[in-house]
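Working through the structure, step by step
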Amino acid sequence: MTLKSFWGLDQKEIDLLQPKPRPTITEWAPDNLYLPRQESPEMPGYFNFDYSPYLRQPADDLCDHYTREVWIQAILQGSKSTLGNIWLAYIILVNPNHTMICMPDENTVKRRMKTRLQPLFKANPKLLEAIGGRVGNLNIGEPTVVDWMNLYIGWSHSPSIMSDVPVCNIIADEVALFIMGLAKDVSPIDLLRGRQKRFPENSKFLGLSSPKLAGDLFDKEFRQGLIHKYYLQCPVCERYFTDSPENFAEILIIKKDEHNEFFEPRAYENDRDGRLAWFICPLCHAKLNEPERAYATQKGIWVPDGCTINEHGKIIGQIPASTKKSYKITTFALHPKWQPLNKLASMFVYAQLSLKAGNRQPLQNFRNNHQGETWEIKEKITKPNLLKKRIEKYQAGFVPYIGNKKELFIHLTAIDCGYEQQPVLDFCRSTESPIIAVRGDPKLTNRSNRLVNEKNKGPIYHLNVNVIKDRVYRLFFESDKPGPSYAHVHADILTEYFEHLSAEDRQSFQKGGSYISEWKLKSEHLPNHLLDCTVYATEAAEISGLWSLPNVPGVQFLDCGIDVHIDHVWAVVIGWGYMAECWVIWEGRLETGDVKNLDQSSILHDFLRRPWPVWTGEQKTEVRRQQSEGRRQRTEGRGQSQYLVDDWNNRAKV
Ligand SMILES: [Zn+2]
């Protein structure tokens, strides 16, 4: 007996009763999901895969019975969070089951709720209806009841995420910023997976992030999946290519000036007609304009690890079976609308120029956020021997200055107040010399310093010593020829200076559960006072406006870094020139007496206001002889500190 004969139904009514095949996300989203302006600022409207074609395959994986986990590593504008939102809407409206959304921390959750989730529900009446008609019904922490399912929105280690509720679907967003478990070695991702045990048949996990460090939590998860790379089709030769940091410069061509130097980043940003930067196909070298680039991304194909793609777009090789799929969304996968050429070129040039000037951070950001690649921390290894080649002819206490002055004075001193705060602050008030109090602050993450005005104490610059030590490393160990960011060393340099500068290496380790990298002493109790002085002097230069110095040769100003101890201080005087080229002028120890009375120490007061004679290239064999004798004494015996003071007095008389 059929439905028709039993109930007398017509065909239309029968169709309504038959179980319908569930649409996949790619079938469903374009007609049913409206992206508000907050989600898609360039083009609010019904979701269109044409502008992010690379999302199709990962989206289909989320509906495929066989795939259990999808991991996306993407550049900033790579629409990865949009995929999370599309899937969430699909779960609620098409395939409901208990779902958890996990973000790195409470602030991120609150911000996302306001900027992404609430607008998404507001823009889609059916979604809003499912949560009872008010976006205010979306809870953070507490479960949100949505028709036939519960939705949990929280952050890693929040009670709702840590609780034992079973969930079928998990969206973990910005995983590279997740904090490792409080208990050692407990991965928050494994904790999340534990929630899915009740759904062994149909659970799904979507992990999303911009990449951070190679080897971190996200990177490890991503690499466990079958990694896919997006190959673009060149509209000219019709062959397929992909991008990586290695071939980046073969695809994005950036014009330089007649000296083979980059122009200012702004020049690239203002270049809207492709005169300073353009794309080419790395295979046929044809120049690709923006519509051609759009074509190349739309014709793109995901190729899994271990396979290649032939010129007809056919994947060659055995596709390995995997229930966990990883997709790497890199620079050129993006539609040009999201990634305008002029912006990309200007950011790339800015990163390169910063690196040249000793600051790696912009390149790391570019690698993570605009190339979609992890950043490999190369351990920075310091060795005293490497410093010897920097020794030059100018003598200790003399300034390689080119101009009409006979002597220079210290422009700014940075003195450490971390050891004995009050006496140092008193000293700062008592001296006529320009001086700032500084101290290390491990809480600073990106900036190199922060000025803190504490009540009754006066201003103290808090320093991010890791970032500044990276600069010092660049100056003394990494730069290899005189010019930007190169450190010169005078002829009478103390061997201690090289030893102190080499007392620390940058080391990577796990701390409080997360993976970090810091400068650390190679072994306990190694002296590093002159390194600290150099760090303070380097930041004093930064604060003095080092980067706006004109392009003239030689030292343009002097500064000084001071490390304070119980009855003496260490000091380093450095001369700075164009693009952070620098010259060590003097380094050593001053016997100031009890630190409690530092403000009465005439030695330090006098030291900071003494003139530093200009090196003319023919100074005083006499001074040099005295110095080398003193040097011998010092290395043979204990008279070091006395020598240094005498030596300074001698030099001061010249
Ligand atoms: Zn081509």
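Before reading further, recall that the structure is shown in the block above.
The structure presented is a predicted model; accordingly, all values stated were derived computationally and were not measured. Numbers given to residues run from 1 along each chain, matching the order in which its sequence is written. The predicted origin of the model limits local features to residues at a pLDDT of at least 70 and limits the giving and counting of side-chain atom pairs to 80 or more, whereas totals for whole chains, interfaces and linings rest on all residues.

1. Concerning the packing of helix α3 (residues 25-32) against helix α5 (residues 80-93)
Helix packing for two helices is described by the angle between their axes and how far apart those axes are. As a reminder of what qualifies: Between the N-to-C directions of two axes lies an angle of 0 to 180 degrees, each axis being a line fitted to C-alpha atoms and, for a helix, fitted only over the stretch in contact. Strands are runs of DSSP state E lasting at least 2 residues, helices are runs of H or I lasting at least 4, and numbering of each runs from the N terminus. For classification purposes, angles smaller than 35 degrees are called roughly parallel, those larger than 145 roughly antiparallel, those between 65 and 115 roughly perpendicular, and all remaining angles oblique. By definition, residues are in contact whenever their C-beta atoms, placed on the basis of the backbone, come within 7 Å of each other. By the convention adopted, Pro, Cys, Tyr, Trp, Phe, Met, Ile, Leu, Val and Ala count as nonpolar, Lys, Arg, Asp and Glu as charged, and the other residues, Gly among them, as polar.
Orientation of α3 relative to α5, taken along the N-to-C sense of each, is 95°, at an axis distance of 11 Å. Classified by the interaxial angle, the pair formed by α3 and α5 is roughly perpendicular. Seen from α3, the contacting residues are I25, W28 and A29; seen from α5, they are I86, W87 and Y90. Residues belonging to the contact of α3 with α5 are distributed by class as follows: six nonpolar, no polar and no charged.

2. Topic: the environment of I91
Inspection of the secondary structure puts I91 in helix α5. On a C-alpha basis, the gap between I91 and I25 in space is 9.5 Å, while along the polypeptide they are 66 residues apart.

3. Some words on α3
Under the convention used in this document: The exposure scheme places C-beta atoms from the backbone and then counts, for each residue, the other C-beta atoms within 10 Å of its own, assigning buried at 20 or more, exposed at 12 or fewer, and partly exposed in between. To obtain the arc, one takes the directions from the helix axis to the C-beta atoms.
All of the buried residues along α3 are I25, W28 and A29. Across the axial projection of α3, the buried residues extend over an arc of 95°, all falling on one side. Packed against the buried residues of α3 are α4 (56-61) and α5.

4. A closer look at unusual backbone geometry
Of note in this structure, N260 is not a glycine but carries a positive phi near 65°. A tally of 6 C-beta atoms within 10 Å means that N260 is categorised as exposed. Positive phi values are uncommon outside glycine, yet M579 reaches one of about 55°. Assignment of secondary structure puts M579 in the loop between β27 (569-576) and β28 (582-590). C-beta crowding within 10 Å serves as the criterion here: with 17 such atoms nearby, M579 is assigned to the partly exposed category.

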